[in-house]
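Coordinates in review
Here's the letter readout for the chains.
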Amino acid sequence: METIRIKYFTDKIEKLTYIDGKSDWIDLRAAQDIDLKQGEYALVPLGVAMELPQGYEAHIVPRSSTFKNFGVIQTNHQGVVDGSYCGDNDQWFMPVYAIRDTHISCNDRICQFRIVENQPKINFQEVSVLTKADRGGFGSTGKQ
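What comes next is a walk through the structure. Each chain carries its own residue numbering, running from 1 in the direction its sequence is written. Thresholds applied to this predicted model are a pLDDT of at least 70 for local features of residues and 80 or more for the giving and counting of side-chain atom pairs; totals over whole chains, interfaces and linings are not thresholded and use all residues. Each side-chain value is worked out from all heavy atoms of the structure, with water and hydrogens disregarded.

Here's the deal with the overall build of the protein
Helical segments are the DSSP runs of H or I of at least four residues, strand segments are the runs of E of at least two, and each set is numbered from the N terminus. Summing up its helical and strand segments, the protein has one helix and eleven strands in all. For 144 residues, the compact-globule estimate of 2.2 N^0.38 gives 15 Å, and the protein exceeds it by more than 25% at 19 Å. With respect to the three principal axes, the spread of C-alpha positions in the protein is 55 × 40 × 30 Å. Only protein chains enter the accessibility calculation, which uses a 1.4 Å probe; a residue is then buried when its area is under 20% of its type maximum, exposed when over 50%, and partly exposed in between. Going through the 144 residues of the protein one by one, you find that 35% of them count as buried. Once local pairs closer than 6 in sequence are excluded, the contacts in the protein between residues at least 24 apart make up 73%. For the protein, the exposed area adds up to about 10000 Å²; of that, 48% sits on carbon and sulfur atoms. For the protein, the centre of its 16 positive side-chain charges and the centre of its 19 negative side-chain charges are spaced 6 Å apart. Radius of gyration here is computed from C-alpha atoms only, and the compact-globule reference equals 2.2 Å multiplied by the residue count raised to the power 0.38. Note on contacts: a residue pair qualifies if any of its non-hydrogen atoms lie within 4.5 Å across the two residues. Per-residue and other accessible areas follow the Shrake-Rupley method at a 1.4 Å probe size, with only the shown protein chains counted as cover for residues. Counted charges follow a simple rule, with Lys and Arg positive, Asp and Glu negative, and His plus the chain ends left uncounted. For this purpose, a charge sits on NZ of Lys, CZ of Arg, CG of Asp or CD of Glu.

Written as structure tokens, this is what we have:
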């Protein structure tokens, strides 16, 4: 089991825990009240900073209910926190764009994260021909 050192920036949010004991994703909560008008952008403070285990990064994504409940989308679609973002003042944030007027309350579950191992070091070998089967185009269907 890996250990993550965590600093909370507020005592107004619940401590981190696995989602209802059913998932390996962990909910993150808004650390303050935020009001947004349609078309506005904000960085939602998540109230935590962490020292991830060596060789890991965190992926932050919206919860499945975030768009329905708050009318916001995460502007980078997935946030990546690398291991170097681990200082005492490196609070995590979720960048959002409001598609309608909305209110996010302190302690609302707004997004979720998990840690994953860093990509291994790779080398690129340039070739003139690839030897695997050709699927013929775009995406999983091969059609454009």
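Let's talk about the layout of surface pockets
Estimated volume of the largest pocket: approximately 450 Å³. As for the largest pocket, its lining consists of 15 residues, of which Glu2, Ile4, Tyr18, Ile26 and Ile115 are closest to the centre. Of all the secondary-structure elements, those providing two or more residues to the lining of the largest pocket are strand E1 (5-8) and strand E11 (109-117). At three residues, the largest contribution of residues to the lining of the largest pocket is made by E11. Here the lining of the largest pocket is built from residues that sort into ten nonpolar, two polar and three charged. Both site types are read off a 1 Å grid over the protein atoms alone. A 1.4 Å probe that fits but cannot get out defines a cavity, while an open set with protein on both sides within 12 Å along at least five of seven lines defines a pocket; lining residues have an atom within 4 Å of a point. Grid points are joined across faces, edges and corners, and a volume is the space filled by probe spheres set on the points. Gly counts as polar in this scheme, as do all residues outside two lists: the nonpolar Ala, Val, Leu, Ile, Met, Phe, Trp, Tyr, Cys and Pro, and the charged Asp, Glu, Lys and Arg.

Overview of the packing of aromatic side chains
Working definition: a ring pair exists when centres of Phe, Tyr or Trp rings (six-membered ring for Trp) sit within 6.5 Å. Plane angles under 30 degrees give stacked, over 60 give edge-to-face, the rest tilted. Under the definition given, this model contains one aromatic pair. Ring centres 5.2 Å apart and planes at 90 degrees place the aromatic pair Trp92 and Phe113 in the edge-to-face group. Pair noted here: Trp92 is in the loop between strand E8 (79-81) and strand E9 (93-98) and Phe113 is in strand E11, with a separation of 21 residues, a long-range link. Looking at Phe113, the relative accessible area reads 2%, which means it is buried.

So, a nonpolar patch on the surface
Nonpolar side chains (Val, Leu, Ile, Met, Phe, Trp, Tyr) are joined into patches within 5 Å and like charges within 9 Å, using only residues with over 30% relative accessible area and no salt bridge. In what follows, salt bridge is the name for a side-chain nitrogen of Lys or Arg lying within 4 Å of a carboxyl oxygen of Asp or Glu. A contiguous nonpolar patch, built from Tyr41, Leu43, Phe67, Ile73, Tyr85, Phe93, Tyr97 and Ile99 and spanning about 730 Å² of accessible area, is present on the exposed surface. For the nonpolar patch, the elements supplying multiple residues, two or more each, are strand E4 (41-45) and E9. Among the secondary structure elements, Tyr97 is positioned in strand E9.

Side note on the pattern of salt bridges
With the rule as written, the count across this model stands at six salt bridges. Across the pair Lys7 and Asp88 runs a salt bridge, and its minimum N-O distance is 3.2 Å. Of this pair, Lys7 sits in strand E1 while Asp88 sits in the loop between E8 and E9, placing them 81 residues apart in sequence. By relative accessible area, Lys7 is classed as partly exposed at 29%. On the accessibility criterion, Asp88 (53% relative accessible area) is exposed. As a salt-bridge pair, Glu14 and Arg29 come within 3.3 Å of each other at their nearest N and O atoms. In this pair, Glu14 sits in the loop between E1 and strand E2 (26-29) while Arg29 sits in strand E2, placing the two residues 15 residues apart along the sequence.

Honestly, that's just the spatial picture; any functional story needs more than this.
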